[in-house]
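# Structural description and commentary
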Amino acid sequence: IKCTLCTKALKRIQKMAGDDPDEAAVKAALQKGCRVLGRVLGKLCLKMVSQYQEQISEGLQNGDTPRDICTAMGICKA
């Protein structure tokens with residue numbers, strides 16, 4: 001479940017951050033992206049985001065796929 005949640009959340013966040021996001025765009029998208037997932041998933045999402053914010057931000061700015069980022073964070077298996 002965690003892997004699916006991670007990739008789903010990051011896909012949405014990636015879309016919200018735009019094609020060439022800077023750190024501020026990613027940060028705003030991270031907060032908004034979790035809110036749209038509903039209360040329970042949103043809470044899990046926010047927890048994941050605060051724990052891995054730098055990795056997520058870097059990954060999105062480098063153009064990595066959500067799956068790659070989640071794998072790098074150890075949430076998905078390679």
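For the protein chain, the name recorded in an unreviewed UniProt entry is NKL protein, with Furnarius figulus as its organism.

Angle between the axes and distance between the axes: these two values describe a pair of packed helices. Look at helix α1 (residues 2-17) against helix α3 (residues 39-61): their axes get within 10 Å of each other, and the N-to-C directions meet at 65 degrees. Taken as a pair, α1 and α3 cross one another with a handedness that is right-handed. For the pair α1 and α3, contact is made by L5, C6, A9, L10, I13 and Q14 and by L41, L44, C45, M48, I56 and L60, respectively.

Their axes nearest at 8 Å, the elements α1 and helix α2 (residues 23-35) cross at an angle of 135 degrees. The orientation of α1 relative to α2 falls into the category oblique. The way α1 lies across α2 gives a crossing that is right-handed. Mapping the contact onto sequence places R12, I13, M16 and A17 in α1 and A25, V26, A29, L30, K32 and G33 in α2.

Looking now at the confidence of the model for the protein chain. Summary statistics for the protein chain give a mean pLDDT of 88 and a share of 99% for residues scoring 70 or more. Here α2 is the element of the protein chain with the lowest mean pLDDT, 85, and helix α4 (residues 66-72) is the one with the highest, 95.

In this section: a positive patch on the surface. Side chains of K8, K11, R12 and K15 sit close together on the surface and give a patch of like positive charge. With respect to the helices, strands and loops of the structure, K11 is situated in helix α1. With relative accessibility at 53%, the residue K11 sits in the exposed group.

A few words now on the side chain of S57. In this fold, S57 is placed in helix α3. Ignoring any residue separated from it by four or fewer positions in sequence, one finds S57 in contact with E23 and V26.

How each quantity is defined
Residues numbered from 1 in each chain as written. Predicted model: local features only at pLDDT ≥ 70, side-chain atom pairs only at ≥ 80, totals over all residues. Heavy atoms only, no water. Axes fitted to C-alpha atoms, helices over the stretch in contact; angles between N-to-C directions. Helix = DSSP H or I, 4+ residues; strand = E, 2+ residues; numbered from the N terminus. Left-handed = near helix turned anticlockwise from the far one by under 90°. Contact = heavy atoms within 4.5 Å. Parallel < 35°, antiparallel > 145°, perpendicular 65-115°, else oblique. pLDDT = per-residue confidence, 0-100. Patch = residues over 30% accessible without salt bridge, like charges linked within 9 Å, V, L, I, M, F, W, Y side chains within 5 Å. Areas by Shrake-Rupley, 256 points an atom, 1.4 Å probe, with all protein chains shown as cover. Salt bridge = Lys/Arg side-chain N within 4 Å of Asp/Glu carboxyl O. Lys, Arg positive; Asp, Glu negative; His and termini not counted. Charge placed at Lys NZ, Arg CZ, Asp CG, Glu CD. Buried < 20%, exposed > 50% of the residue type's maximum accessible area, 1.4 Å probe, protein only.

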